[in-house]
Amino acid sequence: MSSKPLRFYRSYLGSKTMSFLRWRKVTDFSKSRIFDPSFNKEDEKKNQYKSPQRRSYNSKKWSCWDNCCWFIGVICSLWWFLLFLYNAMPDSIPQYVATAITGPLPDPPGVKLRKEGLTANHPVVLVPGIVTGGLELWEGRQCAEGLLGKRLWGGSFGEFYKRPLCWLEHISLDNETGFDPPGIRVRPVAGLVAADYFARGYFVWAVVISNLAHIGYEEKSLHMAAYDWRLSFQNTEVRDQSLTRIKSDIELLVATHGGKKVVVVPHSMGVQYFLHFMKWVETPAPRGGGGGSDWCARHIKAVMNVGAPFLGSPKSIALHFSIEVRDIANLRAQVPGLLDKDVFGLQTFKHLMRMFRTWDATFSMVPKGGETIWGGLDWSPEIDSFDNGPKKGKNNSTHNTSENSKSYVCNTKGVNYGRLISFGKEWSETHSSKFERADFKNVAKGDELANSSNCDIWLEYHEMGKKAIKAVADHKVYTTGSILDLLHYVAPKLMARGASHFSYGIADDLDDPKYEHYKYWSNPLETKLPNAPDMEIYSLYGVGLSTERGYIYKVASPSDCRIPFQVDTSVDGDSEDSCLKGGVFSGDGDETVPVISAGFMCAKGWRGKTRFNPSGIRTYIREYNHAPPANMLEAGASGEDLGGDRVYSDIFKWSERINLQL
């Protein structure tokens, strides 16, 4: 059959079929009208010119499922849109925004100093702190395919969003050894880029590096002492030889700069890491670097500690105890259950706690010095009186005392910072003579929580049982003198590993041979500064910011796999400006490190010749009221040239209240 008849046949068949369907439809409709007694031809004529009515969807009732789908869709769309903007924006976008709002910015400190004639002098070594250094993958599991040599920590954190459980597996350490799990190798990023930016638009050292570059510094005179901040300090040497590398890099800088000593600028936990290094480098090999007792005197001009947690931070206790700090606790209160439940396979709090508890370096941030430094049941160095509250006036607040600038933090009436953890507001306020505390250490564990055997993420809390949890709460109040006992009780395996690398006491006799062990080297109250009388030590830190100092806890429901203790965010102080907000007591500091931790050693512990500073290294305090430090750029000037101490807080008054043998 030719193609022409075929086309005619298909056309004819199609037209006949459509005609039949139209006739059938009209006929059926006509029949229905004929037999409908209510049919009116006049109405039909009127309605034939009206446009057909569309069915309204408003009449449809939305089910719970529709609402849930709509909500999830909005959240996911918003999340991916913000994620796109985050990855698309350049690192300098905050500067562009600030310029557009406020106009051209003033010259940065480096440009001003260059105009004043200041140029590069002593070589500079930067020591990053906890979580600020980049980490990259060198060996991983199958789920990490394609990530070799790429950052797992720092930068865009893109892999966290793409494969979160795989990311958590690789960023965590082995719970038994404190090193990488088998089949995984994660190592610190090298060079200045290791800690210039924590994430896009969030700088760490980038501004300091830029300003130093303005006065002539470059990579041959500026070094980033990167290390794996997850490992215990001594294990960075065991696995990566990081301490040996720092020693060699400093010796090279001194040799290539005509014998000029280095200026070291440690930040946050890097302060404690460098304390450990100074003791390690002078300790004979093989336990130490074998540099000799005068190595620091020959190689270090000054140590300018920024945001130094010399004596630890209460935040670390909250993180180890319940993986909470103020911001996380508030988020948990605003979205109840979201971070506790299994959402898209992520039991967020339990994953975070398991990961955090594998990072041995976090133990270095536990408060040191016990009740002697941080206060006891009925006193703390920052508060004049606890029984009746401070008298109204100057001492009723934590505030800066400089004649040029004062900043109010909060009202300390009725506050006792010595009580680091209280189970209920009542026990945070009542004098210790008016209540008794139950002993928790002898309460047997073992009556496992209901359904705890089904927990996918096993924590040591699941081995405690209801009686043990109740005993912890019945103790009512914990100070720094009892907080270590608490952590040993709720997490014995965790603390056994931590206690082998760090110590938190005060040495009675620093000549005792036991203090030659490396676990004491990062505690300034259990080790001596180097024999370097010409060296200078600075403590540069922020003040006037609300800084966590204590917590009010409650017992959560023990009927599932939840962490049994939570910050009680429903508890506030009696006044709007109270230091108690959302279950957290705040004091003066830089938002992370309280003033007493950052300032005490340079204000009193190391001031002049003491048993902790036998050679009399000069110490200086430089407090910054809502302003970043810039004096570190004046490398080569002495502390006296910079004007000695500059203090806004009451650090010297508080230090005098601390009864420490010097």
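Residues numbered from 1 in each chain as written. Predicted model: local features only at pLDDT ≥ 70, side-chain atom pairs only at ≥ 80, totals over all residues. Heavy atoms only, no water.

Helix and strand counts for the protein chain come out as 22 helices and 21 strands. Taking the contacts inside the protein chain whose residues are at least 6 apart along the sequence as the reference set, 74% of them involve residues at least 24 apart. Summed over its atoms, the accessible surface of the protein chain is roughly 32,200 Å², and 55% of this surface lies on carbon and sulfur atoms. (Helix = DSSP H or I, 4+ residues; strand = E, 2+ residues; numbered from the N terminus. Contact = heavy atoms within 4.5 Å. Areas by Shrake-Rupley, 256 points an atom, 1.4 Å probe, with all protein chains shown as cover.)

Another point: the pairing of strand β2 (residues 135-139). Pairing between β2 and strand β3 (residues 151-153): 2 bridges, direction antiparallel. Within the sheet, the bridge partner assigned to leucine 135 lies in β3 and is tryptophan 153. Across 4 bridges, the pairing between β2 and strand β4 (residues 185-188) is antiparallel. Following the sheet pairing, glutamate 136 is matched in β4 by arginine 187. (Pairing = 2+ DSSP bridges.)

For the protein chain, the mean per-residue pLDDT works out to 81, and 74% of the residues sit at or above 70. Scored below 50 in pLDDT, residues 48-52 makes 0 contacts in the model with residues more than four places away or belonging to other chains. Between residues 342-346, whose pLDDT stays under 50, and residues either more than four places distant or in other chains, the model counts 9 contacts. (pLDDT = per-residue confidence, 0-100.)

A word on the pattern of salt bridges. Under the definition given, this model contains 25 salt bridges. Note that glutamate 516 and arginine 287 form a salt bridge whose closest N and O atoms lie 3.8 Å from each other. Linking glutamate 516 in the loop between α20 (492-499) and β16 (536-543) with arginine 287 in the loop between α11 (269-282) and α12 (295-299), this pair joins segments that are 229 residues apart in sequence. Residues lysine 315 and glutamate 548 are paired through a salt bridge, measuring 3.9 Å at the closest nitrogen-oxygen approach. Placement of the pair is lysine 315 in helix α13 (residues 314-322) and glutamate 548 in strand β17 (residues 545-555), with a sequence separation of 233 residues. When its relative accessible area of 3% is taken as the criterion, glutamate 548 is described as buried. Linked through salt bridges whose partners overlap, the residues forming this network are Asp180, Arg187, Asp228, Arg230, Arg239 and Asp240. (Salt bridge = Lys/Arg side-chain N within 4 Å of Asp/Glu carboxyl O. Buried < 20%, exposed > 50% of the residue type's maximum accessible area, 1.4 Å probe, protein only.)

Mapped onto the elements of the fold, lysine 247 is located in helix α10 (residues 242-255). Its relative accessible area of 15% is what places lysine 247 among the buried residues. With sequence-adjacent residues up to four places away left out, lysine 247 is seen in contact with Phe277, Trp280, Val281, Gly289, Gly291 and Trp295.

Describing an aromatic ring pair means giving the distance of the ring centres and the angle of the ring planes. Summed over all chains, the structure comprises 24 aromatic pairs. Pairing phenylalanine 321 with tyrosine 553 gives two aromatic rings, centres 5.0 Å apart and planes at 75°, and the pair type is edge-to-face. One end of the pair, phenylalanine 321, is in helix α13; the other, tyrosine 553, is in strand β17, with 232 residues separating them in the sequence. For the residue pair phenylalanine 321 and tyrosine 553, the accessibility class agrees, reading buried in each case. By the ring-pair criterion, three or more aromatic residues cluster together here, those being Phe321, Phe423, Phe440, Tyr478, Tyr489, Tyr551, Tyr553 and Phe565. Seen from the ring of tryptophan 427, lysine 476 lies directly overhead, with NZ or CZ sitting 5.1 Å from the centre. (Phe/Tyr/Trp six-rings, centres within 6.5 Å; stacked < 30°, edge-to-face > 60°. Lys NZ or Arg CZ within 6 Å of the ring centre and 35° of its normal.)

Now for the packing of α10 against α11. For the pair α10 and α11, the least separation of the axes is 11 Å and the interaxial angle reads 80°. The orientation of α10 with respect to α11, classified from their angle, is roughly perpendicular. Taking contact as the criterion, the partners of Ser242, Leu243, Thr244, Ile246, Lys247 and Ile250 in α10 are, on α11, Tyr273, Phe274, His276, Phe277, Trp280 and Val281. Split into classes, the residues belonging to the contact of α10 with α11 amount to 8 nonpolar, 3 polar and 1 charged. (Axes fitted to C-alpha atoms, helices over the stretch in contact; angles between N-to-C directions. Parallel < 35°, antiparallel > 145°, perpendicular 65-115°, else oblique. Nonpolar A, V, L, I, M, F, W, Y, C, P; charged D, E, K, R; others polar.)

The next point concerns the state of the cysteines. Evaluation of the coordinates by the stated rule reveals 2 disulfides. Disulfide partner of cysteine 143: cysteine 166, at an S-S distance of 2.1 Å. Judged by the sign of its S-S torsion, about 80°, the cystine formed by cysteine 143 and cysteine 166 is right-handed. Taken together, the positions of cysteine 143 in the loop between β2 and β3 and cysteine 166 in helix α7 (residues 164-171) put the pair 23 residues apart, joining distant regions of the chain. According to the relative accessible area criterion, cysteine 143 is partly exposed, its value standing at 34%. In this model, cysteine 410 is linked to cysteine 579 through a disulfide, with the two sulfur atoms separated by 1.9 Å. Because the sign of the S-S torsion sets the handedness, a value of about 90° for the bond joining cysteine 410 and cysteine 579 places this disulfide among the right-handed ones. With cysteine 410 in strand β13 (residues 408-411) and cysteine 579 in the loop between β18 (565-567) and β19 (580-581), this residue pair connects regions lying 169 residues apart in the sequence. (Disulfide = S-S within 2.5 Å.)

Attention now moves to the packing of helix α9 (residues 233-240) against α10. It is at 6 Å that the axes of α9 and α10 come closest, and there the two elements cross at 85°. Judged by the inter-axis angle, α9 sits roughly perpendicular to α10. The segment α9 lies against α10, with Phe233, Gln234, Thr236, Glu237 and Asp240 engaging Ser242, Leu243, Thr244 and Arg245. In terms of residue class, the contact of α9 with α10 is made up of 2 nonpolar, 4 polar and 3 charged.

Attention now moves to the sheet that holds β4. Spatially, β3-β2-β4 is the arrangement adopted by the 3 strands of the open sheet, whose pairing is antiparallel. In this open sheet, the two edge strands, each paired with only one partner strand, are β3 and β4. The sheet shows a mean angle of 45° between the axes of neighbouring strands, taken without regard to direction. Lying over the sheet, α7 contacts β2, β3 and β4, oriented at roughly 80° with respect to β3.

The next point concerns the sheet that holds strand β9 (residues 300-306). Taken together, 6 strands build an open sheet; the order of strands is β7-β1-β8-β9-β16-β21 and the sheet is parallel. Looking along the sheet, the strands with just one partner apiece sit at the ends: β7 (222-224) and β21 (618-625). Between one strand axis and the next, the sheet turns through 15° on average, direction left out of account. By the bridge criterion, 8 bridges tie β16 to β21 in an arrangement that is parallel. Paired with glutamate 536 across the strands is arginine 618, a residue of β21.

To continue, consider α10. End to end, α10 covers 20 Å across 14 residues, agreeing with the expected 20 Å (1.5 Å per residue, within 8%). Its buried side turned inward, α10 meets β1 (124-127), β7, α9, β8 (262-266), α11 and α12. (Expected span 1.5 Å × (residues − 1).)

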